[in-house]
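Tertiary structure, described
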2 protein chains.
Amino acid sequence: MPKKIPTRIYLEEDEIPSCWYNLRADMKDKPDPILHPGTLKPVTQADMEMIFCREPVKQELDDTTRLIPIPEGIMDFYRAYRPSPLIRAYYLEKALGTPAEIYYKFEGTNTSGSHKLNSAGPQAYYAKEEGLSSLTTETGAGQWGTAMSMACAFFGLDLTVYMVKISSIQKPYRKALMETYGAKLIPSPSNTTESGRKILESDPDTNGSLGCAISEAVETAVKTDKCRYVLGSVLNHVLLHQSVIGLETKAALDKYGIKPDVIIGCAGGGSNLGGLIAPFMGDRIAGKSQTRFIAVEPASCPSFTRGRYAYDFGDTAKTTPLIRMRTLGNGFIPSANHAGGLRYHGMNSTLSKLYQDGYLEARAAAQTDVFDAAVKFMKVEGILPAPESSHAIMAAVDEALECKKLGEKKVILFGLTGTGYFDLSAYTAYNDKSMSDHIPTDGDLERGFASIPDIPQNK
Amino acid sequence: MPKKIPTRIYLEEDEIPSCWYNLRADMKDKPDPILHPGTLKPVTQADMEMIFCREPVKQELDDTTRLIPIPEGIMDFYRAYRPSPLIRAYYLEKALGTPAEIYYKFEGTNTSGSHKLNSAGPQAYYAKEEGLSSLTTETGAGQWGTAMSMACAFFGLDLTVYMVKISSIQKPYRKALMETYGAKLIPSPSNTTESGRKILESDPDTNGSLGCAISEAVETAVKTDKCRYVLGSVLNHVLLHQSVIGLETKAALDKYGIKPDVIIGCAGGGSNLGGLIAPFMGDRIAGKSQTRFIAVEPASCPSFTRGRYAYDFGDTAKTTPLIRMRTLGNGFIPSANHAGGLRYHGMNSTLSKLYQDGYLEARAAAQTDVFDAAVKFMKVEGILPAPESSHAIMAAVDEALECKKLGEKKVILFGLTGTGYFDLSAYTAYNDKSMSDHIPTDGDLERGFASIPDIPQNK
């Protein structure tokens, strides 16, 4: 007799994984190395340590160690809010009338409201261990800035967050939360950095951009004693930390002998998707499963489905190392869609490689369709989802309805990355029917592609 | 060897209680009956059914049945978000350096963000079962309105929420959340009711009040076919539903053989406090324990510590039945403190009786002290608490520091009723040091007491 599957499957505290899983170690064809933008040679530990903390750089450059032990200080941090629940979507299944089983791993039960805390904690921990006294970062939608504020409060570090100016005006409560945790918030562009002053001189009334905020945060980190810069997505060490999501999910499913047929995640820089699928993808690469993997991105910023696979910069100022990835070009200007956390021109290099090699599918979703799914979901499952997470909900609903049509009893798993408490102005726009979809034209894309660097590796 | 106590103790899904516990059945001296305001005789089922749903009224008037089975339809609702975690405050204990063990039952993991959902679900369920098609209610801080919006979406009922006008302006995101769940929000006073129009005529620019919103909601319920009014606190059937909090807490503690020495809850109308302490108070009344119970109320609205024990109306318009309770008088105007959920002139009759009989202690907390405790808590425990809940945090911290002083290893339990995502303007005021305490003068209190009805029962 199979055990009855509860609505919420919780692991025991001592079942939180004690190692992160480094998927790259199990890939037959690995992602291409990060290049130094000056020499166009693979970056070294020393190159990257100028900007980032030591241990995360080591993790970034390590594509051979499968399991990386999680230090006790980080386990202590994880125990403050993990394990997170794996939820059987009984109510959604019933509402859809599907024969499919739907599960979602819910990362929004912590106060930062998203999975970002899984990497914020480790990055703050390593900074403290390495003798630093402060960190800098940028935030757009605010999830990463909030997570870093919490982590820095926990480990006793000062934090400066460059928040895109328009976002700091539109999201005063995000700002208040970070400040209550003790972070210093600076609307970007600001006159605290050279790059900020330069932009303000040419355009005093600019709303700011993520690219500009990154430049300010990096500049401040480099110029400040005992300070480094931290980033919340795109890089492989962030995906490594996020593998706790997938490892916990797999442990919970294994308890009930459940094998997912399809795994779905939203994709911006790729940190949640990469973390969720990691151990399942390892099985697929090893030939132990035939699980399908689906990345869902906004149609307004379609790096997987309409981008190119090329070396590109991570920022619009073209100062970062070069990463080979699915990209719309560092000069691509995504529209002001409400899933701010998915508004990035490029995609993590590991996920990009898996997509190129046919292990990962991708689809783009229009904003209004995403909110249709979000509202359907929240009324029956009782959770207010973040707009980012709702991209995955939409694809899960589509898959479940396909199962209904075909009479197939598949197991669908998706990642619910966070809550939408700070996104209620987006829901208001949806309720008012004043929301639009912002699909870029081919011309918009060509203008973005023109910014991809013209280097031999891209021929 | 005692089992290691995890940070979060989760019950299994099949350990959610299947009956509510009616504490009144075990009280030697029971609370005095509710009186009809016209006849001054105990109200009947028929009197109350004019306004409220049938089954909740039955529960309200039943002070002899100990255990009341929870219908399967409500269990189905509870399984969407329960059991809630009981958390060992390891990080807070360490930060305080106390030998005490601190536990808190966290009711803020559901999207409504508070314990209110525990009674919203049952009240919506009974309305549906009794053939109603819509409900009305009022909301001030917004927690109850949100909970009812979710419950009505779940059970398929229309809901009209009269939201205090100033609150609907100051909390646009609360409003957006309720509307996304499909509720109809009407800023009160409005021109949709006689009582609203009357107030608007005499004062067109009024900010509104809870008393006025109640009058509008009751009037609409009474005048609408297949419609009733629902209330989220103060009444005994609400405390009955909230007993799931205490029952789950006791089951979790029993697993580890933990006996609380002191139990603390914030108190506005009393629904969370009454629910949390119910089974523990039952033991105390039966002589099986010596547990202490502490109610913490805002110093700005001190019904326990500075109120009177008298029959009083529940609303400022003096239209409701009369309840014998600790009260500041229905005409008492509480200041605009940030714990809106605790801004009520009266207190549940059962808790009032327990206080009179010496089973329950009470203390009043000043707003700035409460926020000091809240910020200390959130930095180490990683949870953003509601201002209401933070009253309990403050008392728990005080008790733990007392243990430190005396070298006592007590077990302290408190109720963390909800999250503060919609209260960040209050945190901003705290950060800016623009927050004040609003302690009423003796003159303020006398003006409130003058509104208590002059009836024989109050002699």
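A brief look at the structure comes next. These figures come from a predicted structure and were not determined experimentally.

Bringing the sheet that holds strand β4 (residues 86-88) of chain B into the picture now. Residues and elements named next belong to chain B. Here we have 7 strands laid out as an open sheet, ordered β1-β4-β5-β15-β10-β11-β14, and mixed in their pairing. What marks the edges here is a single partner per strand, and that holds for β1 (8-9) and β14 (361-365). In the sheet, strand β10 (residues 262-266) pairs with strand β15 (residues 411-416) via 3 bridges, with the strands oriented parallel. Paired with I264 across the bridge in β15 is F414. Strands β5 (101-106), β10, β11 (292-298) and β15 of the sheet are contacted by helix α12 (residues 271-285), whose axis makes an angle of about 155 degrees with β10.

With that settled, the discussion passes to the interface of chain A and chain B. Listed per partner, the contact involves 40 residues of chain A and 40 residues of chain B. For the chain A and chain B pair, buried surface summed over both sides reaches about 3,700 Å², with 56% attributable to carbon and sulfur atoms. For the pair chain A and chain B, the interface holds 2 salt bridges. E13 of chain B is paired through a salt bridge with K4 of chain A; the nearest N and O atoms lie 3.8 Å apart. Taken together, the connections running from chain A to chain B amount to 19 residue pairs in polar contact (both at pLDDT 80 or more). For the side of chain A that touches chain B, the secondary-structure elements that each account for two or more residues are α6 (143-155), α8 (172-180), α15 (367-381) and α17 (424-431) of chain A.

Mapped onto the elements of the fold, E381 of chain A is located in helix α15. Lacking a salt bridge, the buried E381 of chain A has R8 of chain A as its closest oppositely charged neighbour, with an N-O distance of 6.8 Å. A polar contact of 3.2 Å, which involves the side chain of E381 of chain A, links it to the backbone nitrogen of Y91 of chain A. Excluding residues that lie within four positions of it along the chain, E381 of chain A makes contacts with I87, A89, Y90, Y91, L92 and Y104 of chain A together with A80 of chain B.

Looking now at a negative patch on the surface. There is a patch of like negative charges on the surface, built from E12 and D14 of chain A together with E12 and D14 of chain B. Along the polypeptide, E12 of chain B turns up in the loop between β1 and β2 (19-21). Using a relative accessible area of 44% as the deciding quantity, one classes E12 of chain B as partly exposed.

Rules used in this analysis
Residue numbering note: each chain is counted from 1, following its sequence as written. Written order determines the labels here, with chains lettered from A and ligands numbered from 1. Only residues with pLDDT of at least 70 are given local features in this predicted model, and only at 80 or more are side-chain atom pairs given and counted; all residues enter the totals for whole chains, interfaces and linings. Working from all heavy atoms in the structure, the side-chain values ignore hydrogens and water. One bridge is not enough; two strands pair if DSSP finds at least two bridges between them. Helix and strand assignments come from DSSP, with helices taken as H or I runs of at least 4 residues and strands as E runs of at least 2, each series counted from the N terminus. Contacts: residue pairs with any heavy atoms within 4.5 Å of one another. For every element, the axis is a line fit to its C-alpha atoms; helices are fit only across the contacting stretch, and the angle between N-to-C directions ranges from 0 to 180 degrees. Two parts placed together each lose some accessible area under a 1.4 Å probe, and adding up what both lose gives the buried area. Every case where a carboxyl oxygen of Asp or Glu lies within 4 Å of a side-chain nitrogen of Lys or Arg is listed as a salt bridge. Within 3.5 Å is the distance limit for a polar contact, defined as a pair of N or O atoms, with the added protein rule that one can donate a hydrogen and the other accept it, and that residues adjacent in sequence qualify only through two side-chain atoms. Accessible area is worked out with a 1.4 Å probe on protein chains only. A residue is then buried under 20% of its type maximum, exposed over 50%, and partly exposed in between. As used throughout, the charge tally considers Lys and Arg to be positive and Asp and Glu to be negative, leaving His and the chain termini uncounted. Here, patches come from residues exposed beyond 30% relative accessible area and free of salt bridges, joined within 9 Å for like charges and within 5 Å for nonpolar side chains (Val, Leu, Ile, Met, Phe, Trp, Tyr). Only the protein chains shown count as cover for residues, and the accessible areas themselves come from Shrake-Rupley with a 1.4 Å probe. Where a charge lies is defined by one atom per residue type: Lys uses NZ, Arg uses CZ, Asp uses CG and Glu uses CD.

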